[in-house]
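Results of the structural survey
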Amino acid sequence: MLLNQLREITGIQDPSCLHNALKAANGDLTEAVTILTEEQVKEPVQDAVAAEPSNGEGSAVGKGLLTDVIDLTPDNKGDLQAVIALSLMESPKVQTVERDANRSVNMANETNAAENKNRSKRKRCEVWGENPNQNNWRRVDDWPVGLKNIGNTCWFSAVIQSLFQLPEFRRLVLGYTLPQSVLENCRSRNEKRNIAFMQELQCLFALMLGTHRRFVDPTAALELLREAFRTAEEQQQDVSEFTHKLLDWLEDAFQLAVNVNSSPGDKSENPMVQLFYGTFLTEGIHEGNTFSKIEAFGQYPLQVNGYRDLTECLEGAMIEGEIDEKATTQSVKYGQERWFTKLPPVLTFELSRFEFNQSLGQPEKIHTKLEFPQIIYMDRYLYSSKEAIQKKREEIRLLKEQIAVLQEKLERYMQYGSGPTRFPLPDMLQYVLEFVTAKLPADGPSTQESQAAPLEPQAESRVLDGPLLQNSALKMEDAEKSEDATSAPADTQPQPEPVSKPVHSSASLTRVPERPAPHVATKEEMSLVRTCLQRWRSEIEQDIQDLKGSIAQISQSIEKMYCDPLLRQVPYHLHAVLVHEGQANAGHYWAYIYDQPRKSWLKYNDISVTESSWEELERDSFGGLKNASAYCLMYIKDKMSRHIADDDAGAGQFQKEVEGLPPELKHYIQEDNWRLEQEVEEWEGEQSCKIPQIEPSSASESQDFFSESGQDQSSACEPDLHSLSSQHAMMAKEQTAQAIANTADAYEKNGVEAALCKAFREEYSRLYLLAKETPTPQSDPRLQHVLVYFLQNNAPKRVVERTLLEQFADKNLSYDERSISIMKVARAKLKEIGPDDVDMEEYKKWHEDYSLFRKVSVYLLTGLELYQNRKYQEALTYLVYAYQSNTTLLRKGPNRGADESLIALYRRKCLLKLNDVAAALFISSDEAHVAEGVSILNELIIPCMHLIINNDISQDDLDAIEIMRNRWCSYLGQEDMNGSMPITCFHLQPPVFWLGPASELEKDFTGHLKHSLCHS
């Protein structure tokens, strides 16, 4: 196929030359044409002038090209002479250029050879350089997760992602169960394998729903599939082959469940059959005999070659041959038609993009462009529409026949002539018209001389035989010689032409015009010929325009033939496009899948899931531009598409599905998420061994408090929640080191585990006694250790034990051999504690609460310090946020937060001070100060008053608000203010007088607080 196209484009007939060019271009037709055409330009000159063999002769492609670049047939002798003449004129320069070019080509070939050698050692679907940073391990919100490529498994990822994003299929897999009696009675190896695969697929889908990872590992399910293929492990699997195998296994697995309540072998109730399988009817005539049969299909195959778009592919697949009477003695009909009798909710088309090349002896990929729509209407292929469609097909056939007749007529105009080379007739008339209207130069021969010219044929022949005109006017010379010989007298013998004639005088050369023009023509003749040519050309152009208009009109009628609303009742929406990039024996797969909640296309490329667009999908999927093209199309019925949109309309759909999973799958998700935390901690431990530890100073410790995340803080300020317990353990590093130091005897006598037990018990006893102390504003033992906070608030025993164990597993305990040994044992024990032993969600919440408590304490101390320094605006921000966060903690228990009355006291004092500042600015005569006072009032004071009122307000706070409001209201009646002040006061009336429920002011103020704290 490609060889034929390449032969037609370049004109080269040598198969080995074409094959080598295709091989050098990696099967890219455009690149192969470029290689051949560039060599056709360079190689003839090089071959003609080079005195020594070319450096490129070692190349198989170069050897093949040289055999066909220069054509020595008689028809091309003139071209060969021109090449030799050019080489004689510029041979030194050409040789230098060619040597430089060959040297560059050789260097490029060496580089490419080295690169190809290295590339051959890599796996075709290898994930290049996964980023080891733990920040890239975590999933962001409900963003879909990727699948890890474990070695040439991109085909698996493309298909599984396409199926997983079908909610109906996802629910079927996750809800699959079999009675215990069925499991016990399974004897067949295939049945056991199918059940095992279904269980692994369930686990994989569960992780894809609820994992905290950015991508998951599908190894378990993949290994079962790989065993079913006889090919080597490193061989890539074909998408269609894999999808067939996958659906067969799923169908058999669900059939086991169906057989429990129905007769064995009845597949009508099989959910996989109902979702993916349809039926079609084949009707036709073969050797005079009619036949009809119904067949089932899962993935409908379509040929790509010879078609422009998907509708043409389907039309070609529905009709084979022609059901017409042949011109024989017997009326025999041939051909068949297919009609869909039942379409599945998920309609999959296989695009046949591979074929076996007999001349190359290997498969090759078809890169032909094939367009497909986002919505396809299947009415025209349904048996229920057979009668109407057959009529329309007959109409289209007649219209196409009309187009063929018109096209033939048009071709006569556009390819005019009787020789091998033909031209458009309007252009030919235009050329003649230009010849007729051309004039001789002003200094050319006079009219009398022109009229006498035919009487002197020999003289004219001598002029035309000049060597300067032999190459440029060869055909004109032959024509004139023939004409002169015809018009010469009978007794005049033609003079033989020498090979080379001497140059005549310049006076004779000036008689030859610079361009062809009539020598003898009267004005009447010129006018008549010009008028006729112009009229004929206008008539021809009008005929061509009419023909093209008729063809376009008929073509438009054909395109609109199926736009009837009655034939648009069965729409299917494009759900997924599986793409293959590369050649038949190697390449890479990925998928584009439409995301209903986001109303956009996403690109699933192994571990990467990125937002895409229809334009990018077109570039990668239609084909024709590069080596990438669509390989499989998955459409879903319109009702199913709306159902998906309704299901995914709300945010957090994946989380809702996780909540509805069976307990064992929930546990599987929880266990994997817990394993992720362990992996991250281990990674951090490894990194800590590579990067020198910097001891935090007391000054920087307070800054660490600001960086700790809370539930209400923006993501820009939040560290990952998994690090909170590690941070809390690191805060107690000195106490931990002291506890380990006290275990020297136990370590020497009884080993590392005994030392760990002793340190654990002693540290627990110390913290238990510390938790008995009552917190005061001057000294709060809860700030000394996280376990003091836990013990005072009656945290679960498992939470306390795990937290204390993490203290001894801290990666920073690398002081000596004993500390390192205890740390390793503690880490090993942590791994033994699974989700069954500790509720990790509860564990996280306790550490989040303690982190928020420390943050409240730091905000309070920072606010008090700013208040003492009379920075009331900044102080109010910290105090208000401290109060709000502390209120959240106190709702869970009286010992969860700080002293509420203390925070409220200084919040009230700060608000009154800030109100005094704003009032003083407001009553000043300076316009800028007035604006600043109003800004403080609107952005800080009034929103803060709303926050106070909407909580459980104390009498002291109520009195303070009344004082502030009365002060601002008193300004409304003053008459000694300047002219602009009453207007300003008028704009202050609504917020000052109305202090009702929470409004947008409160929301804006909360956002302002978060921004201020994040950037402090």
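The model shown is predicted, which means the values in this text are computed figures rather than measured ones.

**So, the overall build of the protein chain**
Counting secondary structure elements, the protein chain contains 39 helices and 16 strands. Looking at the protein chain residue by residue over its 1016 residues, the buried ones come to 42%. At a minimum sequence separation of 6, the contacts of the protein chain that also span at least 24 residues come to 71%. Accessible area of the protein chain: about 55200 Å², with a carbon and sulfur share of 52%.

**Side note on the sheet that holds strand β6 (residues 319-320)**
What links the strands of a sheet is backbone hydrogen bonding, and the strands pair in either a parallel or an antiparallel sense. As summarised here, the arrangement of the 4 strands in space is β4-β3-β7-β6, forming an open sheet in which the pairing is antiparallel. Each of the sheet's edge strands pairs with one partner strand only, and the pair in question is β4 (289-297) and β6. Relative to β4, strand β3 (residues 278-286) runs antiparallel, the two being bridged by 9 bridges. Counterpart to F280 in the pairing with β4 is E295. Each of β3, β6 and β7 (335-342) touches helix α14 (residues 386-414); the most contacted strand, β7, lies at about 140° to it.

**Here we look at the confidence of the model for the protein chain**
Caution is warranted with low-pLDDT regions, since their predicted coordinates should not be read in detail. With 69% of its residues at a pLDDT of at least 70, the protein chain reaches an overall mean of 74. Counting interchain partners and residues more than four positions distant, the pLDDT-below-50 stretch residues 443-504 has 34 contacts. Note on residues 690-722: pLDDT is under 50 here. Beyond four places in sequence and across chains, it has 50 contacts.

**Considering the nonpolar core**
Core analysis: the biggest nonpolar cluster contains 77 residues, and F790, F808, L876, L911 and I941 have the highest contact counts within it. Sequence-distant contacts of F790, defined by excluding residues within four places in its chain, comprise A795, V799, V800, T803, W846, H847 and Y850.

**So, the packing of helix α35 (residues 900-922) against helix α37 (residues 955-970)**
Look at α35 against α37: their axes get within 10 Å of each other, and the N-to-C directions meet at 5°. Taken together, α35 and α37 sit at an angle that is classed as roughly parallel. Contacts between α35 and α37 involve A904, R907, R908, L911, L912, N915, D916, A918, A919 and F922 from the first element and D956, D957, A960, M964, R967 and W968 from the second. Residues that form the contact of α35 with α37 fall into these classes: 9 nonpolar, 1 polar and 6 charged.

**Considering the side chain of S885**
Tracing the chain through its elements places S885 in helix α34 (residues 872-890). Here S885 is in contact with L852 and V856, once residues within four sequence places are set aside.

**Things to note about the pattern of salt bridges**
Here the structure, examined in full by the defined rule, presents 35 salt bridges. Between E168 and R171 there is a salt bridge, with its nearest N and O atoms 3.7 Å apart. Here E168 and its partner R171 are both found in helix α7 (residues 167-174), 3 residues apart, which amounts to about one turn of the helix. Taking relative accessible area as the criterion, R171 reaches 34% and is therefore assigned partly exposed. Linking R535 and E539 is a salt bridge whose minimum nitrogen-to-oxygen distance equals 3.9 Å. Of this pair, R535 and E539 both sit in helix α20 (residues 523-559), separated by 4 residues, roughly a single helical turn. On the basis of relative accessibility, which here comes to 40%, the residue R535 falls in the partly exposed class.

**Structural notes on a negative patch on the surface**
On the surface, a cluster of negative charge is made up of D745, E748, D816 and E817. Among the structural elements, D745 can be located in helix α28 (residues 744-750). Classification of D745 as exposed rests on a relative accessible area of 53%.

**Notes on the state of the cysteines**
One pass over the structure, following the stated rule, counts 0 disulfides. Take C910: it sits in no disulfide, and the sulfur closest to it among the cysteines is that of C944, at 8.4 Å. Residue C910 is classed as buried on the basis of its relative accessible area, which comes to 0%.

**Concerning unusual backbone geometry**
Even without glycine at this site, D141 takes up a positive phi of about 55°. Tracing the backbone through its elements, the reader meets D141 in the loop between α5 (77-120) and β1 (146-147). Despite not being glycine, K599 shows a phi value in the positive range, around 55°. On the basis of relative accessible area, K599 is assigned to the exposed category, the value being 53%.

**Looking at the packing of aromatic side chains**
Under the counting rule described, the total for this entry stands at 31 aromatic pairs. For the ring pair Y300 and F340, a centre distance of 5.2 Å and an interplane angle of 65° mean the geometry is edge-to-face. Of this pair, Y300 sits in strand β5 (residues 299-303) while F340 sits in strand β7; the two residues are 40 residues apart in sequence, bridging distant segments of the chain. Neither Y300 nor F340 differs from the other in exposure class; each is buried. Aromatic pair F372 and F622: ring centres 4.8 Å apart, planes at 75°, arrangement edge-to-face. Pair noted here: F372 is in the loop between β10 (362-365) and β11 (375-377) and F622 is in the loop between α21 (614-621) and β16 (628-637), with a separation of 250 residues, a long-range link. This pair shows no difference in class: F372 is buried, exactly as F622 is. In textbook terms, an aromatic cluster arises when at least three aromatic residues are bridged by ring pairs, as seen for F164, F169, F205, F276 and F654. The residue whose ring lies beneath R170 is F164, and the NZ or CZ to ring-centre distance is 5.0 Å.

**What about the packing of helix α33 (residues 840-868) against α35?**
Interhelical geometry of α33 versus α35 gives an angle of 35° and a closest axis separation of 11 Å. Along this stretch, α33 crosses α35, giving a crossing that reads as left-handed. Residues V856, L860, L864 and Y867 of α33 form the contact with α35, whose participating residues are L902, I903, Y906, K909, C910 and K913. Looking at the contact of α33 with α35 residue by residue, the classes come out as 8 nonpolar, no polar and 2 charged.

**Topic: α14**
With 29 residues, α14 should reach 42 Å at 1.5 Å per residue; the first-to-last C-alpha distance of 40 Å fits that figure. Buried within α14 are the following residues: K386, I389, K392, R393, I396, L399, I403, L406 and L410. Check the buried side of α14 and you find it contacts β3, α13 (310-318), β6, β7 and α20.

**Thoughts on a nonpolar patch on the surface**
On the surface, Y764, Y768 and L769 cluster together into a nonpolar patch covering about 310 Å² of accessible area. Assignment of secondary structure puts Y768 in helix α29 (residues 752-771).

**Looking at the environment of E841**
Following the sequence through the fold, E841 ends up in helix α33. Take E841: its relative accessible area is 44%, and that puts it in the partly exposed class. The spatial distance from the C-alpha of E841 to the C-alpha of Q670 is 9.2 Å, given a sequence separation of 171 residues.

**Details of the pairing of strand β12 (residues 571-583)**
With 11 of its 13 residues buried, β12 lies for the most part within the structure. When β11 meets β12, the two strands line up antiparallel, connected through 3 bridges. In the strand pairing of β12, I376 is matched with Y572. Inspection of the sheet shows β12 paired to β16 by 9 bridges, in the antiparallel sense. Residue L574 lies in a different strand from β16, and its bridge partner there is Y635. The sheet contact formed by β12 and strand β13 (residues 586-595) spans 8 bridges and is antiparallel.

**Comments concerning the side chain of E337**
Following the sequence through the fold, E337 ends up in strand β7. At 3.4 Å, the side chain of E337 and the side chain of W339 are in polar contact.

What counts as what
Residues numbered from 1 in each chain as written. Predicted model: local features only at pLDDT ≥ 70, side-chain atom pairs only at ≥ 80, totals over all residues. Heavy atoms only, no water. Helix = DSSP H or I, 4+ residues; strand = E, 2+ residues; numbered from the N terminus. Buried < 20%, exposed > 50% of the residue type's maximum accessible area, 1.4 Å probe, protein only. Contact = heavy atoms within 4.5 Å. Areas by Shrake-Rupley, 256 points an atom, 1.4 Å probe, with all protein chains shown as cover. Pairing = 2+ DSSP bridges. Axes fitted to C-alpha atoms, helices over the stretch in contact; angles between N-to-C directions. pLDDT = per-residue confidence, 0-100. Core = buried A, V, L, I, M, F, W, Y, C linked by side-chain atoms within 4.5 Å. Parallel < 35°, antiparallel > 145°, perpendicular 65-115°, else oblique. Nonpolar A, V, L, I, M, F, W, Y, C, P; charged D, E, K, R; others polar. Salt bridge = Lys/Arg side-chain N within 4 Å of Asp/Glu carboxyl O. Patch = residues over 30% accessible without salt bridge, like charges linked within 9 Å, V, L, I, M, F, W, Y side chains within 5 Å. Lys, Arg positive; Asp, Glu negative; His and termini not counted. Charge placed at Lys NZ, Arg CZ, Asp CG, Glu CD. Disulfide = S-S within 2.5 Å. Phe/Tyr/Trp six-rings, centres within 6.5 Å; stacked < 30°, edge-to-face > 60°. Lys NZ or Arg CZ within 6 Å of the ring centre and 35° of its normal. Left-handed = near helix turned anticlockwise from the far one by under 90°. Expected span 1.5 Å × (residues − 1). Polar contact = N/O pair within 3.5 Å; in protein donor to acceptor, adjacent residues only side chain to side chain.

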